[in-house]
Amino acid sequence: MTPADVAQVFEQLNREGRATGELNGACEAFAAWLACEWDHLSTKDIALLTSIGAALWREGYQRRY
């Protein structure tokens, strides 16, 4: 699977209305998962995943305020 393939999955879920999860809940669940996996991830993976988490948090924060 390529990055473009994965992006198409994201787009398809959104088009079908299946990307309806509440952003705060998604951010909390992502943080919980990342906390559990932290010690098993490379520094590069942690940098990428925390950047994604920060973007989720930023978008959630902007929607609330």
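Above this note sits the structure.
Residues numbered from 1 in each chain as written. Predicted model: local features only at pLDDT ≥ 70, side-chain atom pairs only at ≥ 80, totals over all residues. Heavy atoms only, no water.

> Would you take a moment to explain the layout of surface pockets for this structure?
A water-sized probe rolled over the atoms picks out the places where empty space is left. The computed volume of the largest pocket comes to approximately 320 Å³. Along its surface, the largest pocket is lined by Phe10, Ala19, Gly21, Glu22, Leu23, Ala26 and Leu56. (1 Å grid on protein atoms, 1.4 Å probe; cavity = no way out; pocket = protein on both sides within 12 Å on 5 of 7 lines; lining within 4 Å. Points joined across faces, edges and corners; volume = space filled by probe spheres on them.)

> Which parts of the structure should I look at to understand the environment of Ser42?
Tracing the backbone shows Ser42 in the loop between α2 (23-37) and α3 (43-64). Considering only alpha carbons, one finds Ser42 and Met1, 41 residues apart in sequence, at a separation of 21 Å. Among the polar contacts made by the side chain of Ser42, one reaches the main-chain amide nitrogen of Asp45 at a distance of 3.0 Å. (Helix = DSSP H or I, 4+ residues; strand = E, 2+ residues; numbered from the N terminus. Polar contact = N/O pair within 3.5 Å; in protein donor to acceptor, adjacent residues only side chain to side chain.)

> Which parts of the structure should I look at to understand α2?
At 3.6 residues per turn, the α-helix brings residues three or four places apart onto the same side. Here α2 spans 21 Å end to end across 15 residues, near enough to the 21 Å set by a 1.5 Å rise per residue. Along α2, the residues classified as buried are Leu23, Cys27, Phe30 and Leu34. Looking straight down α2, one finds its buried side chains confined to an arc of 65°; they lie on one side. Opposite the packed face of α2, turned more than 90 degrees from it, sit the exposed residues Glu28, Ala35 and Cys36. (Expected span 1.5 Å × (residues − 1). Buried < 20%, exposed > 50% of the residue type's maximum accessible area, 1.4 Å probe, protein only. Arc of directions from axis to C-beta.)

> Is there a simple way to think about α3 in this case?
In this model, α3 (22 residues) spans 31 Å end to end at C-alpha, consistent with the 32 Å of a helix rising 1.5 Å per residue. Buried within α3 are the following residues: Ile46, Leu49, Gly53 and Gly60. What you see down the axis of α3 is that its buried residues fit within an arc of 75°, all on one side. Across from the buried face of α3, at angles greater than 90 degrees, the exposed residues are Thr43, Lys44 and Leu48. Looking at the buried positions of α3, the neighbouring elements they touch are α2. (Contact = heavy atoms within 4.5 Å.)

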